[in-house]
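Residues per chain are reported as follows:
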Amino acid sequence: MQVVKYVFQPHGDERGQLIALEEFKDIPFRIKRVYYMYDTAEGVVRGCHAHKNLQQILVCIHGRCKIKLDNGEESEIIPLEKPYEGLFVSNAMWREMFDFSKDAVLVVLASELYDESDYIRDYDEFLAYTKHDLYSIEEAIH
Ligand code: T46
């Protein structure tokens, strides 16, 4: 499975580090929403869903956590622990966030506004959705 991680350019000097993220430059989409999670309780698994259209970049700006990505055929666990690294999460990708350190702050840059109808919360439904997606692409080609 191809995992896309962005390494952002820190503007460091003797005062410390600063990272700036601009849409279409550092981030491959228009940023319509930013949200973040912190104070995550021990042992919690968040996410456990996919999106039909939403694209996102996840940055663990403090502490650490792990992200499991699953495209319906393969899955991979990606540790996030560097404030200058962003994990791209495409649409039609099941995601789970877990192993949060007590001090973890996970920031998410999103391509769309919050829309409950974009969520696929059932794993079997997700698998059917990815198969249908593939089928539509093959149909379009032939
Ligand atoms: C995702 C992963 C990485 C809002 O009101 N607005 C928002 O923009 C978001 C993201 C959430 N909410 C509300 C909805 C729920 O009542 O906040 C509550 C917690 O959201 P949720 O249970 O969906 O959080 P996670 O951590 O399971 O998933 C979130 C995003 O929802 C999701 O799109 O990809 O983070």
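Relevant structure appears above.
Summarised in this report is the structure supplied together with it. Nothing here was measured: the structure is a model prediction, and the numbers come from that model.

Side note on the site of the ligand
Right, so step 1: What surrounds the ligand is a group of 13 residues, the closest being Arg33, His51, Gln56, Arg95 and Tyr119.
Right, so step 2: For the ligand, an oxygen atom lies 2.5 Å from a polar atom in the side chain of Arg33.
Right, so step 3: Calculation on the ligand without its partners gives an accessible area of 650 Å², and the protein chains cover 67% of this total.
Right, so step 4: Secondary-structure elements contributing two or more residues to the shell around the ligand are β2 (33–37), β3 (46–51) and β8 (94–98).
Right, so step 5: Broken down by element, the residue count for the shell around the ligand peaks at four residues, all from β3.
Right, so step 6: A class-by-class count of the residues in the shell around the ligand yields five nonpolar, four polar and four charged.

Definitions and cut-offs
Residues numbered from 1 in each chain as written. Predicted model: local features only at pLDDT ≥ 70, side-chain atom pairs only at ≥ 80, totals over all residues. Heavy atoms only, no water. Near = heavy atom within 4 Å. Polar contact = N/O pair within 3.5 Å; in protein donor to acceptor, adjacent residues only side chain to side chain. Areas by Shrake-Rupley, 256 points an atom, 1.4 Å probe, with all protein chains shown as cover. Helix = DSSP H or I, 4+ residues; strand = E, 2+ residues; numbered from the N terminus. Nonpolar A, V, L, I, M, F, W, Y, C, P; charged D, E, K, R; others polar.

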